[in-house]
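# Examining the three-dimensional arrangement
Below, each chain spelled out in residue letters.
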Amino acid sequence: MKRKILIFFEMFLLTLILLAIKSNAGYSSNDPEVKSGETITISIVSNENLQNYDLQLVSYNGLTYKGCSSSSESAAVNSGTGKIATLGAGTKNLGTYTFVAPEVTEKTTYKVSFKINDVTNTSTVTVNPKIVENNTNPNNNSNSGSNSNSTTQQQPQTKSNVA
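## Side note on the overall build of the protein
A tally of regular secondary structure across the protein gives 1 helix and 8 strands. Taken from the N to the C terminus, the helices and strands of the protein come in the order α-β-β-β-β-β-β-β-β. Within the protein, the proportion of its 163 residues that are buried is 25%. Considering only contacts in the protein between residues 6 or more positions apart, those separated by 24 or more positions represent 65%. Carbon and sulfur atoms form 50% of the exposed surface of the protein, whose accessible area is close to 12,300 Å².

## So, the pairing of strand E3 (residues 39-59)
Examined bridge by bridge, strand E1 (residues 27-29) and E3 share 3 bridges and lie antiparallel to one another. By the bridge assignment for E3, Tyr-27 is matched with Ser-46. With 4 bridges joining them, E3 and strand E7 (residues 108-116) adopt antiparallel strand pairing. For Gln-56, the partnering residue across the bridge sits in E7 and is Lys-115.

## Quick notes on the nonpolar core
Residues Leu-55, Tyr-97 and Phe-99 are the most contacted members of the largest nonpolar core, which totals 25 residues. Looking at this core, the elements that each hand over two or more residues are E3, strand E4 (64-69), strand E6 (83-100), E7 and strand E8 (119-128). No other element matches the 7 residues that E3 contributes to this core.

## Some details on unusual backbone geometry
Backbone geometry at Asn-117 places phi at a positive 45°, although glycine is not the residue there. By the secondary structure assignment, Asn-117 is in the loop between E7 and E8. Overall, the relative accessible area of 31% leaves Asn-117 in the partly exposed class. Positive phi, normally seen in glycine, also occurs at Asp-118, with a value near 70°. In this structure, Asp-118 sits in the loop between E7 and E8. When its relative accessible area of 70% is taken as the criterion, Asp-118 is described as exposed.

## With respect to the confidence of the model for the protein
Predicted confidence across the protein gives a mean pLDDT of 79, with 69% of residues reaching 70 or more. Across the protein, element-level confidence peaks in E4 with a mean pLDDT of 96 and bottoms out in helix H1 (residues 2-20) with 61. Taken as a whole, residues 140-152 scores under 50 in pLDDT and shows 0 contacts with residues more than four places along the chain or in a different chain.

Thresholds applied
- Numbering of residues starts from 1 in every chain and runs along the sequence as written.
- Selection of residues for local features in this predicted model requires a pLDDT of at least 70, selection of side-chain atom pairs for listing and counting requires 80 or more, and totals for whole chains, interfaces and linings are taken over all residues.
- Derived side-chain values reflect all non-hydrogen atoms in the structure, with water molecules and hydrogen atoms excluded from consideration.
- Put simply, DSSP H or I for four residues or longer makes a helix, DSSP E for two residues or longer makes a strand, and each gets a number counted from the N terminus.
- Categorising residues by exposure relies on relative accessible area from a 1.4 Å probe, with only protein chains included: less than 20% of the type maximum marks a residue as buried, more than 50% marks it as exposed, and the intermediate range marks it as partly exposed.
- Throughout, a contact is declared for two residues whenever any of their heavy atoms are within 4.5 Å.
- Residue exposure ignores everything except the shown protein chains as possible cover, and the areas themselves are Shrake-Rupley values with a 1.4 Å probe.
- We call two strands paired when DSSP finds no fewer than two bridges between them.
- As used in this record, nonpolar core signifies buried Ala, Val, Leu, Ile, Met, Phe, Trp, Tyr and Cys residues forming a set joined through side-chain atoms within 4.5 Å.
- Note on scores: pLDDT gives the predictor's confidence for each residue, bounded by 0 and 100.

Here you go:
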């Protein structure tokens, strides 16, 4: 009888341990580098196939949020709030978020944070200023293809008295 109780107790503990183990999935997202005003795409992926997940946009200070999407057919996507959730899908590609970079005059970085199954993931966006090409050179005074406005005058020649 003691042996049966001991086996039952061991099975009970093993079941509790297995139920308490959570997935050790790792999450990653790309760190894009764009120019002022360009569209930014950030993709969130898992290192394991996930059957169930909740993905939420937490913060994106300084960027303009445009929307989100998922490649999973069973995903519930709320683009307005930046939430993606799925049950029983089995995917590594969790979601894609789109932003627009602000106009900057110097290289600037922004942080975008996501929460995936209560784990925070951060992406760093680098925005570079646009380079404006200036074709006018203040030291270039050539007027190719136009009339020259030269102020040089020829002096009248004097005639010789020797005939």
